[in-house]
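Descriptive analysis of the structure
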Amino acid sequence: MTPYLFVFIVTAIVTLGAALMVVTARSLIHSALWLVLALFGVGAMFVLLSAGFFAVVQVVIYIGAIAILMIFAIMLTRRVMREDGSRFNRGWWLAILMALVLLTGLVWMIQSWSGSSSTMQPLPPDVVDPIQSLGAVLVSPNGFVLPFELASILLLAALIGAIVVAWERK
Amino acid sequence: MVPLSYYLIFAALLFCIGLFGVLARRNAIVILMGIELMLNAVNINLIAFWRYRTPEIVTGMAFAVMVFAVAAAEVAVGLALFISIYRRRKTVTADEIDMLKW
């Protein structure tokens, strides 16, 4: 067992366990804290995939902004922080069934695809820095400048929309 | 070394856990957390495919950046909606928010 495989397995187990706790924890604030751990595990996966930039973005955006925003929302709706009664709705067994069916289908599809056994090659020498080419392609007219601008407009619309929706009219 | 299928199966497991959270939980904020888990699974897939299949083309990474932006926008609007609903209805339980159902 190589150290890489060992780190991968440990990260996978921690991440999946934390994700399971997110969807099953009784207290909402515990759910949010487990979510932070799960997001951190996904960031570690990005490091294993030699995408360090995405690991940093994961910590800054997901843990630093989204998880904190969730904790704020939980505390603002504090009367329901501990759910009385069941955490799950009546169709929870149907949800388990659906998730398992989807998982079986996905695993079967991955196993039957010939490319799924491809191993990681070292980055080709002409790829100087993936981040450099990513930055260039995001603003080049032949690349992704249109989706990039669309994402900016989407963020602006979400910013204004969130203020309008949460505005308390006197 | 770790073959690509390990990452794909890990992402599939994470996606299914998130899907279970979205379908089964009653609290709307936890449903949003499940959606976050699903988006993270998609991101792992995008980055894994980039790293294993086409490391010289950065399309996979560019898509992952878009997923990050969409996730941030979705959480901001979603949480604003829940706070607004909580102010009027004193609940964020998904099956009690049924004003559109009659």
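Residue numbering note: each chain is counted from 1, following its sequence as written. Chain labels run from A onward and ligand labels from 1 onward, assigned in the order the entries are written. Predicted model: local features are reported for residues with pLDDT of at least 70 only, side-chain atom pairs are reported and counted for 80 or more only, and whole-chain, interface and lining totals are derived from all residues.

**Some points on the overall build of chain B**
Helix and strand assignments follow DSSP, with helices taken as H or I runs no shorter than four residues and strands as E runs no shorter than two, numbered in order from the N terminus. Helix and strand content of chain B: three helices and zero strands. Along chain B, from the amino end to the carboxyl end, the secondary structure elements read α-α-α. Atoms counted for the radius of gyration: C-alpha only. Globule rule: 2.2 Å times the number of residues to the power 0.38. Relative to a compact globule of 102 residues, whose C-alpha radius of gyration would be 13 Å, chain B shows 17 Å and is clearly more extended. Whether two residues are in contact is decided by their C-beta atoms, placed from the backbone, lying within 7 Å. Relative to all contacts within chain B whose residues are 6 or more apart in sequence, the contacts with residues 24 or more apart total 47%.

**Some details on the packing of helix α1 (residues 4–24) of chain B against helix α2 (residues 28–52) of chain B**
Helix-helix packing is described using two parameters, namely the angle between the two axes and the distance between the axes. Residue and element names in this part refer to chain B. As a packed pair, α1 and α2 sit with axes 7 Å apart at the nearest point and diverge in direction by 165 degrees. Compared by their axis directions, α1 and α2 come out roughly antiparallel. Here α1 and α2 pass one another in a crossing that is left-handed. Under this grouping Gly is polar, as are all residues other than the nonpolar Ala, Val, Leu, Ile, Met, Phe, Trp, Tyr, Cys and Pro and the charged Asp, Glu, Lys and Arg. Across the contact of α1 with α2, the residue classes break down as 20 nonpolar, five polar and no charged. Note on definitions: angles span 0 to 180 degrees between N-to-C directions of axes, and those axes are lines fitted to C-alpha atoms, for helices only across the stretch in contact. An angle below 35 degrees is treated as roughly parallel, one above 145 as roughly antiparallel, one from 65 to 115 as roughly perpendicular, and anything else as oblique. Crossing handedness: left-handed means the near helix sits turned counterclockwise from the far one by under a right angle, and right-handed means the same turn made clockwise.

**Side note on the environment of Val-65 of chain B**
Residues and elements named next belong to chain B. Structurally, the position occupied by Val-65 is in helix α3 (residues 59–89). Field definition: a residue is buried when 20 or more other C-beta atoms are found within 10 Å of its C-beta, exposed when 12 or fewer are, and partly exposed for counts in between, with C-beta atoms placed from the backbone. Among the residues examined, Val-65 registers 21 C-beta atoms within 10 Å and is labelled buried. Along the sequence, Val-65 and Leu-37 sit 28 residues apart, while their C-alpha atoms lie 16 Å from each other.

**Re the packing of helix α2 (residues 28–48) of chain A against α2 of chain B**
Relative to each other, α2 of chain A and α2 of chain B sit at 5 degrees, their axes nearing to 11 Å. Considered as vectors, α2 of chain A and α2 of chain B are oriented roughly parallel to each other. Of the residues in α2 of chain B, those touching α2 of chain A at Leu-28, Ser-31, Leu-35, Ala-38, Leu-39, Val-42, Met-45 and Phe-46 of chain A are Ile-29, Val-30, Met-33, Glu-36, Leu-37, Asn-40, Ile-44 and Ile-47 of chain B. Per-class residue counts for the contact of α2 of chain A with α2 of chain B are 13 nonpolar, two polar and one charged.

**Remarks on the domain arrangement of chain A**
Domain assignment breaks chain A into domain 1 (1–83) and domain 2 (129–170). Each of domain 1 of chain A and domain 2 of chain A was reduced to a C-alpha centroid, and the two centroids are 24 Å apart. Domain start and stop points were drawn from an automatic or database domain assignment.

**Regarding the nonpolar core**
Most often, soluble globular proteins have nonpolar side chains that are buried together. With 79 residues, the main nonpolar core has Leu-35 and Met-70 of chain A together with Ile-29 and Ile-47 of chain B as its most contacted residues. Mapped onto this core, the elements with two or more residues apiece are α1 (3–24), α2, α3 (52–76) and α6 (145–166) of chain A together with α1, α2 and α3 of chain B. Counting contributing residues, this core receives three or more from each of domain 1 (1–83) and domain 2 (129–170) of chain A. Contacts of Met-70 of chain A, omitting those with residues within four sequence positions, involve Ala-32 and Leu-35 of chain A together with Ile-29, Met-33 and Leu-79 of chain B. We define a nonpolar core as a collection of buried residues of the types Ala, Val, Leu, Ile, Met, Phe, Trp, Tyr and Cys that are connected via C-beta atoms lying within 7 Å of each other.

**Here we look at the interface of chain B and chain A**
How big an interface is tends to be reported as the loss of accessible area on association of its parts. The interface is formed by 65 residues belonging to chain B together with 75 residues belonging to chain A. Contributing elements (two or more residues each) for the side of chain B that touches chain A: α1, α2 and α3 of chain B. The biggest single contributor to the side of chain B that touches chain A is α3 of chain B, with 22 residues. Of the residues belonging to the side of chain B that touches chain A, the class tally is 48 nonpolar, eight polar and nine charged.

**Quick notes on α6 of chain A**
Structurally, the α-helix is built with 3.6 residues per turn, so residues lying three or four positions apart point the same way. Here, expected helix span is obtained from the residue count minus one, scaled by 1.5 Å. With 22 residues, α6 of chain A should cover 32 Å at 1.5 Å per step; its first-to-last C-alpha distance of 32 Å lies within 8% of that length. Residues of α6 of chain A that are buried: Ala-151, Ala-158 and Ala-162 of chain A. The buried residues of α6 of chain A occupy an angular sector of 25 degrees when the element is viewed end-on, so they sit on one face. In α6 of chain A, the exposed positions that point more than 90 degrees away from the buried face belong to Leu-146, Glu-149, Ser-152, Ile-153, Leu-156, Ala-157, Ile-160, Ile-163 and Val-164 of chain A. At its buried positions, α6 of chain A is contacted by α3 of chain B. By arc we mean the arc of the directions from the helix axis to the C-beta atoms, nothing more.

**Some words on the confidence of the model for chain B**
Residue and element names in this part refer to chain B. pLDDT runs from 0 to 100 and stands for how confident the predictor is about each residue. Summary statistics for chain B give a mean pLDDT of 90 and a share of 99% for residues scoring 70 or more. Looking at the elements of chain B, mean pLDDT is at its lowest for α3, recorded as 90, and at its highest for α1, recorded as 94. Reported for the predicted complex are a pTM of 0.91 and an ipTM of 0.92.

**Some points on unusual backbone geometry**
Although it is not a glycine, Ser-50 of chain A adopts a positive phi angle of roughly 50 degrees. Even without a glycine there, the phi angle at Lys-90 of chain B is positive, about 55 degrees. Relative to the elements of secondary structure, Lys-90 of chain B occurs in the segment after α3.

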